[in-house]
Amino acid sequence: MGDNMATTDGQGYQFADFEVTESVKHKFAEDGYIIVRGLLNSKEITKLKTALEGDDAGILTKKYERDDGDGRTSKTALWNNPGNDITGVIARSEKVTGTMEKLLGGEIYHYHAKVIMKEAFTGGAHIWHQDYGYWYENGCLFPDMGTVWIAVDKADKTNGCLKILPGSNKAGRIDHVTIGEHVGADLKRVDELMKVCPLTYAQLDPGDALFFHCNLLHRSDQNSSPNRRWAYLVSFNRASNDPVYKHHHPGYTPLTKVPNSDIMDCGTSMESFGKNFFGGPKEDFSFAKLRDSKTSA
């Protein structure tokens, strides 16, 4: 099931001459994603990697783990407020926030950001899901949401890159259920969609970015390779889609964009003060709702 599957190799826009045209918006709406190659240049991605690995503020000590149901754990550090360190500056940069605003069609705010860590030989899997499968349960009424997935390390089939179903965003929100410590999409519906939406490996080099809609079905496999696979993700919500429930992510909070040049002008020190870290499954509003509905049923 691996070698004959489609990949995103050869796909994408080069950041050097990228702009969000009507054609780009159409592709995002049809496929549920676009790829921007070199969104972060070599100096910017090296600076981000250095900051994460140095981690003066201990952000990565805030990570939590979820059992992937197959003997391994997935590791994530997630926070709600961008802040002014390099992670926050990247999140608020014109090429990240400005691009997603155009793709989603209006003002957006920072819903949360995270670092997903698939370590060599031990990295856990993430099951098939739509992000809106969770975020709907958080009280976000409309799927006016999306994520920017930035490769910190090279991501490919060997180390657990994202697997996506292009076009599955047009199927709307699929029912989600709790599976162990994860929330996953109805696999019968996923199997049917795989017949018409070709399974594709999102292979990215460091600094490449996948901008994807919250209804795009995606998952990732375990990392059994000798190569680490870290990624930095920033998720956004439309300002007009303020959640109707108070939960573990923020409601509308105005976001101040910064020029791309600020990425190289800021320091490499990480900050944890004010980021409002997520504590894992015990604080997960959407997981609790789905778990409790399953129990009551």
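Relevant structure appears above.
Let us look at the structure shown here. (Residues numbered from 1 in each chain as written. Predicted model: local features only at pLDDT ≥ 70, side-chain atom pairs only at ≥ 80, totals over all residues. Heavy atoms only, no water.)

### Quick word on the overall build of the protein
Counting its regular elements, the protein contains 8 helices and 15 strands. Its C-alpha radius of gyration of 18 Å places the protein within 12% of the 19 Å reference for a compact globule of 297 residues. C-alpha extents for the protein along the principal axes are approximately 55 × 40 × 40 Å. Of all 297 residues assigned to the protein, the portion counted as buried reaches 55%. Long-range pairs, those at least 24 residues apart, make up 86% of the contacts in the protein with a sequence separation of at least 6. Charge centroids of the protein, computed over 35 positive and 40 negative side chains, lie 2 Å from each other. (Helix = DSSP H or I, 4+ residues; strand = E, 2+ residues; numbered from the N terminus. Rg over C-alpha atoms; globule rule 2.2 N^0.38 Å. Buried < 20%, exposed > 50% of the residue type's maximum accessible area, 1.4 Å probe, protein only. Contact = heavy atoms within 4.5 Å. Lys, Arg positive; Asp, Glu negative; His and termini not counted. Charge placed at Lys NZ, Arg CZ, Asp CG, Glu CD.)

### What about the environment of P206?
Along the polypeptide, P206 turns up in the loop between β12 (200–202) and β13 (209–213). Residue P206 is classed as partly exposed on the basis of its relative accessible area of 34%. Considering only alpha carbons, one finds P206 and S42, 164 residues apart in sequence, at a separation of 8.0 Å. Among all residues touching P206, those that are not within four sequence positions of it are I45, A151, V152, D153 and K154.

### Brief notes about the packing of aromatic side chains
Applying the stated criterion across every chain, the model contains 8 aromatic pairs. Pairwise contacts between aromatic rings join Y109, Y111, W135 and Y252 into one cluster. The side chain of K157 reaches across the aromatic face of Y201, ending 5.4 Å from its centre. (Phe/Tyr/Trp six-rings, centres within 6.5 Å; stacked < 30°, edge-to-face > 60°. Lys NZ or Arg CZ within 6 Å of the ring centre and 35° of its normal.)

### Points about the pattern of salt bridges
Proximity of charged atoms lets side chains of opposite charge pair with each other. As enumerated under the stated definition, the model contains 15 salt bridges in all. Among the ionic pairs, K257 bridges to E94, the shortest N-O distance being 3.9 Å. Of this pair, K257 sits in the loop between β15 (229–238) and α7 (262–265) while E94 sits in helix α4 (residues 94–104), placing them 163 residues apart in sequence. The class for E94 is partly exposed, based on a relative accessible area of 32%. Measuring nitrogen to oxygen at the nearest pair gives 3.2 Å for the salt bridge that ties K195 to E192. (Salt bridge = Lys/Arg side-chain N within 4 Å of Asp/Glu carboxyl O.)

### Points about unusual backbone geometry
The residue F121 is not glycine, and still its phi comes out positive at about 70°. Secondary-structure assignment places F121 in the loop between β6 (108–118) and β7 (126–129).

### Remarks on the pairing of strand β5 (residues 73–79)
Side-chain direction in a regular strand flips from residue to residue, so the side chains alternate between the two faces of the sheet. Along β5, 5 of the 7 residues are buried, which leaves the element largely enclosed by surrounding structure. For strand β4 (residues 64–67) and β5, the ladder comprises 4 bridges, and the chain directions are antiparallel. For D67, the partnering residue across the bridge sits in β5 and is T73. Counting the residues in the hairpin turn of β4 and β5 gives 5 residues, including G69, whose phi is positive at 80°. (Pairing = 2+ DSSP bridges.)

### Quick look at the environment of D156
By secondary structure assignment, the location of D156 is in the loop between β8 (145–151) and β9 (162–164). Residue D156 is classed as buried on the basis of its relative accessible area of 16%. C-alpha of D156 to C-alpha of R229: the two residues are 73 residues apart in sequence and 8.8 Å apart in space. Look past the residues within four positions of D156 in its chain and what remains in contact with it is C161 and Q203. A distance of 2.5 Å separates the side chain of D156 from the side chain of T158, its partner in a polar contact. (Polar contact = N/O pair within 3.5 Å; in protein donor to acceptor, adjacent residues only side chain to side chain.)

### Thoughts on the side chain of R238
Within the fold, R238 resides in strand β15. Of the side chains with opposite charge, D144 comes closest to the buried, unpaired R238, at an N-O distance of 4.7 Å. Reaching out from R238, the side chain makes a polar contact with the backbone oxygen of L104 at a distance of 2.9 Å. Within the structure, R238 has its side chain in polar contact with the backbone oxygen of G105 (distance 3.5 Å).

### As for the pairing of strand β3 (residues 33–37)
Within β3, 5 of the 5 residues are buried, which leaves it mostly tucked inside the rest of the structure. Judged by which residues are buried, β3 turns out to be covered on both faces: Y33, I35 and R37 on one side and I34 and V36 on the other are all buried. The sheet contact formed by strand β2 (residues 13–14) and β3 spans 2 bridges and is parallel. Bridge pairing links Q14 to R37 in β3.

### Points about the sheet that holds β12
Strand order in the open sheet made by the 5 strands is β1-β12-β9-β14-β7, with mixed pairing throughout. Each end of this open sheet is capped by a strand with a single partner; those strands are β1 (6–7) and β7. Pairing geometry for β1 and β12, over 2 bridges, is parallel. By the bridge assignment, A6 is partnered in β12 with T200.

These results come straight from atomic positions and should not be treated as a statement about function.
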